[in-house]
Amino acid sequence: MARAFAPASVGNVAVGFDILGHAIAGVGDTVSVRRIAEPEVRIAAIRGTTLDLPLDAAANTAGAALIALREALALPYGFEVEIDKGIPLGSGMGGSAASCVAALVAANALLEVPVSRKALYPFALTGEAVASGGRHGDNLGPMLLGGLVLSTADQLVSLPVPEAWHSLLVHPDAVLETRRARAALQGHYALSEFVAQSANLALVISGCYSGDAGQVRAGLRDVLVEPRRASLIVGFEAARDAALVAGAMGASISGAGPSVFAWFEQRAAAEAARASVQRAFADAGFDSQAWVSPLNAPAAHLL
């Protein structure tokens, strides 16, 4: 048997919808996998959540990922899976992605010839699609590789980030389903919005490579998606503004929400901002949890 832990993540990172994400240290899902003689995938148990997640492997993110792995490698044996959820559901913290990545990392350790992390990516995309309805890797990439990752349809690219840079992630005790958040994005978009968002993404990536916080400050602003989702998150604007007043390089919705993330140049600044961002959600009627993490947070790993 093998056990693996996959961290939470911030998806989209404001300017990289469905393609940019970074890992979060300190919270995640743990999955145990054992080989079985039968050529199938079974979900034996799911713990750590009050909601009924599917035990049918094909309808479960971890199960679907392992089915795809088995089929691609033509494995003569199967896997039995137990999932311990540590990431709140519907939180915008990559909970569905973490389960399938942890399952893949654990199962990979049981193969006669393990494959590379990047080779696991297509199977993770298949698993994630079960929950989100689409093959997007902004949460999967950072979980597989750690740190800040650009995830396209078929490539994972690790992006350099100064070691001192940290993120603050605040999760209000509310649920926002990914499918509902994506539905809010339907409608007309102006070409100028795409141009502005592309420029912002370029500034953020350039700033990460050069360690130029000024470029990141200029670019870490979502003009495309955030305006269409902000109304779904009670207290969001006050929480975002509290982070910016506290000196954040930028702040926005984590994944589909309702969690909010902010980037800071130093850990101390992120820690200092925690109380004011949580207070903004408290004023809106929500308790919250908060994590401060290096942007270069670790990837999923075996336990």
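Up top you'll find the structure we're talking about.
Read on for an overview of the structure.

Here is what the cut-offs are and how they apply
By convention here, each chain's residues receive numbers from 1 onward along its written sequence. For this predicted model, a pLDDT threshold of at least 70 governs which residues receive local features, and a threshold of 80 or more governs which side-chain atom pairs are given and counted, while totals over whole chains, interfaces and linings are taken from all residues. Computation of side-chain values: all heavy atoms of the structure, hydrogens and water removed. By definition, any uninterrupted DSSP run of H or I lasting at least four residues is a helix, any uninterrupted run of E lasting at least two residues is a strand, and each is numbered from the N terminus. Atoms counted for the radius of gyration: C-alpha only. Globule rule: 2.2 Å times residue count to the power 0.38. Each residue is placed in one exposure class: buried if its accessible area under a 1.4 Å probe, protein chains only, is under 20% of its type's maximum, exposed if it is over 50%, and partly exposed if it falls in between. Should any heavy atoms of two residues lie within 4.5 Å, those residues are counted as being in contact. Residues scored as charged are limited to Lys and Arg (positive) and Asp and Glu (negative), so that His and the chain ends carry no count. For the purpose of locating charges, the reference atoms are NZ of Lys, CZ of Arg, CG of Asp and CD of Glu. Only protein atoms enter the calculation, which uses a 1 Å grid: trapped sets of points that fit a 1.4 Å probe without letting it out are cavities, open sets showing protein on both sides within 12 Å along at least five of seven lines are pockets, and any residue with an atom within 4 Å of a point is a lining residue. Grid points are joined across faces, edges and corners, and a volume is the space filled by probe spheres set on the points. The rule for pairing is simple: two strands pair if DSSP sees at least two bridges between them. Helix axes use the C-alpha atoms of the stretch in contact, all axes being lines fitted to C-alpha atoms, and the angles between their N-to-C directions lie in the range 0 to 180 degrees. Residues enter a nonpolar core if they are buried and are Ala, Val, Leu, Ile, Met, Phe, Trp, Tyr or Cys, with the set joined through side-chain atoms within 4.5 Å. Salt bridges are identified by distance alone: a Lys or Arg side-chain nitrogen within 4 Å of an Asp or Glu carboxyl oxygen.

1. Digging into the overall build of the chain
1) Next: Of the regular secondary structure elements, the chain holds ten helices and eleven strands.
2) Next: In summary, the chain has a C-alpha radius of gyration of 19 Å against a globular reference of 19 Å for 303 residues, a match within 12%.
3) Next: Its C-alpha atoms put the chain at 55 × 40 × 40 Å along the principal axes.
4) Next: Relative to its full complement of 303 residues, the chain shows a buried share of 55%.
5) Next: Counted over contacts in the chain with a minimum sequence separation of 6, partners at least 24 positions apart contribute 75%.
6) Next: Placing the 21 positive and 27 negative side-chain charges of the chain at their respective mean positions leaves the two points 2 Å apart.

2. Structural notes on the layout of surface pockets
1) Next: Roughly 810 Å³ of internal volume is contained in the largest pocket.
2) Next: Lining the largest pocket are 40 residues, and of these L89, G90, S96, A131 and T178 lie nearest its centre.
3) Next: Elements with a minimum of two residues in the lining of the largest pocket: α2 (95–109), α3 (117–132) and α5 (178–183).
4) Next: No other element matches α3, which puts four residues into the lining of the largest pocket.

3. Let's talk about the sheet that holds strand β8 (residues 250–253)
By way of backbone hydrogen bonds, the strands of a sheet pair with one another, either parallel or antiparallel.
1) Next: Sheet architecture is open: four strands sit in the order β8-β9-β7-β10, paired in antiparallel fashion. With one partner strand each, in any of the chains shown, β8 and β10 (288–294) form the two edges of the open sheet. Recorded for the sheet is a direction-independent mean angle of 15° between the axes of neighbouring strands.
2) Next: Strands in contact with helix α9 (residues 236–245) are β8 and β9 (260–264); relative to β8, the strand with the most contacts, it is inclined by about 160°.
3) Next: Of the strands in this sheet, β7 (166–172), β9 and β10 touch helix α10 (residues 267–283), which is tilted by about 20° from β7.

4. What about unusual backbone geometry?
1) Next: The omega angle of the peptide bond from G257 to P258 is 10°, so this bond is cis rather than trans.
2) Next: Turning to its location among the elements, P258 is positioned in the loop between β8 and β9.
3) Next: Phi at N12 is positive, roughly 70°, even though this residue is not glycine.
4) Next: When its relative accessible area of 7% is taken as the criterion, N12 is described as buried.
5) Next: Here V13, not a glycine, exhibits a phi torsion of approximately 45°, which is positive.
6) Next: Relative to the assigned elements, V13 resides in the loop between β1 (2–11) and β2 (20–36).
7) Next: Residue class for V13 comes out buried when judged on its relative accessible area of 0%.

5. What about the nonpolar core?
1) Next: Ranked by size, the top nonpolar core spans 70 residues in total, and within it V33, L66, F79, V101 and W263 carry the most contacts.
2) Next: If you tally residues by element for this core, the top one is α2, at ten residues.
3) Next: In terms of nonpolar packing, the next biggest core, distinct from the first, is built from 24 residues, V260, A280, F281 and A290 among them.

6. Overview of the pattern of salt bridges
1) Next: Under the defined criterion, the tally for this structure stands at 15 salt bridges.
2) Next: The residue R42 makes a salt bridge to E38 at a minimum N-O spacing of 3.7 Å.
3) Next: Look at R42 and you get partly exposed, because its relative accessible area is 28%.
4) Next: For E38, a relative accessible area of 37% translates into the label partly exposed.
5) Next: Of the charged contacts in the structure, one is a salt bridge between E40 and R42, with a shortest N-O distance of 2.9 Å.
6) Next: In the salt-bridge network here, residues are joined through shared partners; they are R34, E38, E40, R42 and E80.

The values reported here are purely geometric and, on their own, carry no functional implication.
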